[in-house]
Amino acid sequence: MTLMFPKSLHRIHSLSLALGAMVCSSIIVLPVLAGDLQQQRSIYDKAQRLLDAGKVSQYFSIREQIDGYPLTPYTDYRAFLINIGDRTPQEVDTFIENYKTVPFSGRIRAPYIDSLVHKKQWKKLIEFQRVEPRGESYQCHYYYALYKSGHKDKAFIGASKLWLSGESVSDACDGLFSAWDQSGVRTDQDILDRMQLVFETSNGSLMNFLRKQLRTKKAQQQAKEMKVLFNHPEQVLDFAFEKPDNDWYRTLTAMALRKLARKNSKKAFSVFEQVVSAKKMSKKQVQDLADYLAFRLINTDSLLQQHWRDKKIATSSNYKLIERRIRLAIQDADWQGVINWIDLLPESKQASLRWQYWLGRSELAKGKVKQGSQRLEKIVGQRNFYSVAAAKEIKRSINYPVSTISFQQEAVQPFRTTLIRIEELIERDKIAVAKNEWQWLLDRANDEQKEMLAAYAANKQWSHLSVKASIQAKMWDNIELRFPVAHQWWFDFYGEKHSIDPITLMSLARQESALDALARSPVGARGIMQVMPSTAKYTARKYQLMYRSSNDLYEVGKNIEIGSHYLKGLLERYDNNRVFALAAYNAGPHRVKTWRKRTQGRLDAYAFIEAIPFKETRGYVQNILMFETYYRDLLGVDGAFLNQHEIETRY
């Protein structure tokens, strides 16, 4: 069924930004800039054009006219970068110190080092860079500069550290590695050690490249054996019996067994005991390998493999593996199994709200009503998904601690210049730069200042910046700052259009992007609702929406339009069940189909969520349900944690 909501019940009402006692009337008022602001902006834009053309002297001829303009440090930075390689280390250090409150001060070292490398000014480089820099390429440059300056011992220590990687190393290290090799310090054992790391990352082409660098016949033979085992891990049993019993071959055997487990867990299981016995592995080595294989067999249908898996997990100290086994017991509605497996966790893990909730649920399921109810009663009243779930189970009201703060103007006074600059960046729609400024500011602030900055951003309606500051300040109980009401017109509009509670849309956006309209994930999801470009194309085509390119997804209205259409399709697919729809929004409908097949309608909503094997998706669904609770309380809107049909559904 598709449950329709009366639209009048869903509109998000405005939330006063006075924030009660949190922010008082003494909120800092930034002064009007000296001179005509529009004129300064015009001169600043002219300065940018001059620098685009490399006309530095002409820039300095107008520089005085924008001396008080907040963004002038950025043109100063651009001017300084031109011919930066001609600067002395002292000049660069002085510039960094003078502009230390601006983010680019943390980035200027890189182009200076690049320029020195280009000019082969090695002594100048180590005069400037006195300690190992961050970033692989710059570490390569640093150690090569040490080598070229006569500090070979230090250089080769750095080379050895950079060399030991299972992945390709930056081309910037080629000169350093060549010098290390030609010096005779690098050995065949160094190459073999790296080949082991490469084995683990399954980089066959890099392994072949390394093999060609070996000199001794013994090392070449070892590498050949490694490569055969890499290509054919199913030969691990023969390898284990044929090769000498030493640490080298023992390590290769363990790596091959792990690779076989990834490739064919059934085959790895069949040879496991013989392999570890043949190589006389220690008890710890055997357990570590058993843990690895047990993870691969967690959903096996074989009774023999299940028995072996559970026997190995019972002796493991790997709490993540034990927790995965607990979730399997929940998936199977094996309540005694839940109790037994939780008992194997370290005490600190057992005491968590998560596992106390599931102990209580299991005790109730086993008929221990008093014991289970008392356990659940103890965890009610906390700001936590499991506390809410416990309250629902024993029919208590949802309560959680809430805190507020009083804004103290003097706390942010040291950051006055930066705050003016951030405001001007936002006014000029340079949001990405403003975000960098804000993070740089938070990195320099103490906890109390971060709290005040969160309040300041909330007053300015800088929603994403407020969220970021509140998280870094760990203001977990300050719901008003952590969950600002933003872009509500769009959430209202598309919520009404699709009969979706706009609070659900806003909560999803808060989880996806922390309300950052310019957010981009490592996999390419964009905007406030973190829509993938491929999903946007599919959704726009299906619903005949205007969509030009992935850049559209950085427009709040367009992103919410596409994201809400996609969510609507998922809700319709799952009979308006948010648990399924939210899980599918995060992990994809195909995975939800797999998870439903495993649970086979044995579970309630809470158990199904816990049985989700992906930590990210499990937390995702839990968070959004909690966020909806917070937003409803903030906005004074009635609503259930789970709707009745979601409660009644068997999962």
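Note that this is a predicted model, so its numbers are computed, not measured.

## Details of the overall build of the protein chain
Across its full length, the protein chain carries 38 helices and zero strands. Each principal axis of the C-alpha distribution contributes one length, and for the protein chain these read about 80 × 75 × 50 Å. Looking at the 651 residues of the protein chain, the share that counts as buried comes to 52%. Here the protein chain has roughly 31,000 Å² of accessible surface; of this, 49% comes from carbon and sulfur atoms. With 96 positive and 72 negative side-chain charges, the protein chain shows a spacing of 5 Å between the two charge centroids.

## Some points on helix α10 (residues 188–201)
Taking 1.5 Å of rise per residue, 14 residues should cover 20 Å, and α10 covers 20 Å from first to last C-alpha, within 8% of that figure. Burial in α10 covers these residues: D188, D190, I191, L192, R194, M195, Q196, V198 and F199. Those residues of α10 hidden inside the fold are in contact with α8 (152–163), α9 (174–182), α11 (204–211), α12 (217–231) and α14 (247–263). Once α10 ends, the next one or two residues include S202, with phi positive near 60 degrees.

## Overview of the pattern of salt bridges
Using the criterion set out here, one finds 40 salt bridges in the structure. E572 is the salt-bridge partner of K568, the closest N and O atoms lying 4.0 Å from each other. Of the two residues, K568 and E572 are both situated in helix α33 (residues 556–573); the distance of four residues between them amounts to about one turn of the helix. Residue classification places E572 among the partly exposed positions, given a relative accessible area of 42%. Each of R327, R354, E610 and R618 takes part in salt bridges that share partners, so that together they form one network.

## Quick word on the UniProt feature "domain: Transglycosylase SLT" (unreviewed entry) in the protein chain
The feature "domain: Transglycosylase SLT" (unreviewed entry), as given by UniProt, occupies residues 493–603 in the numbering adopted here. The straight-line gap between the two end C-alpha atoms of residues 493–603 is 35 Å; of that span, 61% is helix and 0% is strand.

## Considering the UniProt feature "domain: Lytic transglycosylase superhelical linker" (unreviewed entry) in the protein chain
Mapped onto the present numbering, the UniProt feature "domain: Lytic transglycosylase superhelical linker" (unreviewed entry) falls at residues 417–479. A helix fraction of 78% and a strand fraction of 0% characterise residues 417–479, whose end C-alpha atoms lie 29 Å from each other.

## Examining the domain arrangement of the protein chain
Parsing the protein chain into structural domains produces domain 1 (36–149), domain 2 (409–482) and domain 3 (488–648). Distance between the C-alpha centres of domain 1 and domain 3: 44 Å.

## Some details on the nonpolar core
M195, F272, W438 and L453 are the most contacted members of the largest nonpolar core, which has 114 residues in total. Among the elements that line this core, the one with the most residues is α14, at nine residues. Once residues within four sequence positions are removed from consideration, L453 is found in contact with V412, F415, L419, W438, L441, L442, A445 and A469. I330, Y494, Y566 and V621 belong to the second-largest nonpolar core, a separate cluster that totals 93 residues.

## A word on a positive patch on the surface
A surface patch of positive charge is lined by K542, R573, K593 and K597. Looking at the secondary structure, you find K542 in helix α32 (residues 533–543).

## Remarks on the environment of L634
Within the secondary structure layout, L634 lies in helix α37 (residues 615–635). When its relative accessible area of 17% is taken as the criterion, L634 is described as buried. When the C-alpha atoms of L634 and Y606 are compared, they prove to be 25 Å apart, with 28 residues separating the residues in sequence.

## Overview of the environment of I326
When you line up the elements, I326 lands in helix α18 (residues 319–331). I326 gets classed as buried once you look at its relative accessible area, which sits at 0%. Filtering out sequence-adjacent residues up to four positions away, I326 remains in contact with V338, W341, I342, L345 and W355.

## Some thoughts on a nonpolar patch on the surface
Residues W489, W490 and F493 make up a contiguous nonpolar surface patch of roughly 330 Å² in combined accessible area. With respect to the secondary-structure elements, F493 resides in helix α30 (residues 488–498). A relative accessible area of 38% means that F493 is categorised as partly exposed.

## Re the packing of aromatic side chains
Evaluated as defined, the whole model comprises 45 aromatic pairs. Here W489 and F493 contribute two aromatic rings whose centre-to-centre distance is 5.1 Å and whose plane-to-plane angle is 10 degrees, an arrangement assigned as stacked. Here W489 pairs with F493, and both are found in helix α30, just four residues apart, close to one helical turn. One aromatic cluster is present, formed by W335, Y357, W358, F385, Y386, Y606 and F641 through successive ring pairs. Residue placement shows R186 over the ring face of W163; its charged tip is 4.8 Å from the ring centre. In this structure, K349 is placed above the aromatic ring of Y319, and the distance from its NZ or CZ to the ring centre is 4.2 Å.

## As for helix α7 (residues 136–148)
The end-to-end C-alpha distance of α7 is 18 Å, a good match for the 18 Å that 13 residues give at a rise of 1.5 Å each. Every buried residue of α7 is accounted for by Q139, C140, H141, Y142, Y143, Y144, A145 and L146. For α7, the secondary structure elements touched by its buried residues are α5 (109–118), α6 (122–128), α8 and α9. Looking one or two residues beyond α7, the residue adopting positive phi is G150, at roughly 95 degrees.

## Quick word on the packing of α10 against α11
It is at 9 Å that the axes of α10 and α11 come closest, and there the two elements cross at 170 degrees. With respect to α11, the element α10 is oriented roughly antiparallel. Here α10 contributes I191, R194, M195, V198 and F199 to the contact with α11, which in turn contributes L206, M207, L210 and R211.

## Overview of the side chain of E437
The topology assignment puts E437 in helix α26 (residues 431–444). Using a relative accessible area of 0% as the deciding quantity, one classes E437 as buried. Within polar-contact distance, the side chain of E437 engages the side chain of R421 at 2.7 Å. Those residues within four positions of E437 in sequence are excluded, and the remaining contacts are Y74, T101, V102, P103, T418, R421, I422 and L425.

## With respect to the side chain of Q48
On the secondary structure map, Q48 appears in helix α1 (residues 37–52). Polar contacts involving the side chain of Q48 include one to the side chain of R78, which spans 2.6 Å. The residues touching Q48, leaving out its near neighbours within four places in the chain, are T75 and R78.

## Examining the packing of α8 against α9
Where α8 contacts α9, the two axes come as close as 10 Å, and the packing angle between them is 110 degrees. It follows that α8 is roughly perpendicular to α9 by the angle criterion. As for how α8 packs across α9, the hand of that crossing is left-handed. Side by side, α8 and α9 meet where A155, F156, A159, S160, L162 and W163 of the first sit next to L176, F177, A179 and W180 of the second. Counted by class, the contact of α8 with α9 contains nine nonpolar, one polar and no charged residues.

The rules we used
Residues numbered from 1 in each chain as written. Predicted model: local features only at pLDDT ≥ 70, side-chain atom pairs only at ≥ 80, totals over all residues. Heavy atoms only, no water. Helix = DSSP H or I, 4+ residues; strand = E, 2+ residues; numbered from the N terminus. Buried < 20%, exposed > 50% of the residue type's maximum accessible area, 1.4 Å probe, protein only. Areas by Shrake-Rupley, 256 points an atom, 1.4 Å probe, with all protein chains shown as cover. Lys, Arg positive; Asp, Glu negative; His and termini not counted. Charge placed at Lys NZ, Arg CZ, Asp CG, Glu CD. Expected span 1.5 Å × (residues − 1). Contact = heavy atoms within 4.5 Å. Salt bridge = Lys/Arg side-chain N within 4 Å of Asp/Glu carboxyl O. UniProt positions renumbered as here; feature names shortened; annotations may be inferred. Domains from an automatic or database assignment. Core = buried A, V, L, I, M, F, W, Y, C linked by side-chain atoms within 4.5 Å. Patch = residues over 30% accessible without salt bridge, like charges linked within 9 Å, V, L, I, M, F, W, Y side chains within 5 Å. Phe/Tyr/Trp six-rings, centres within 6.5 Å; stacked < 30°, edge-to-face > 60°. Lys NZ or Arg CZ within 6 Å of the ring centre and 35° of its normal. Axes fitted to C-alpha atoms, helices over the stretch in contact; angles between N-to-C directions. Parallel < 35°, antiparallel > 145°, perpendicular 65-115°, else oblique. Polar contact = N/O pair within 3.5 Å; in protein donor to acceptor, adjacent residues only side chain to side chain. Left-handed = near helix turned anticlockwise from the far one by under 90°. Nonpolar A, V, L, I, M, F, W, Y, C, P; charged D, E, K, R; others polar.

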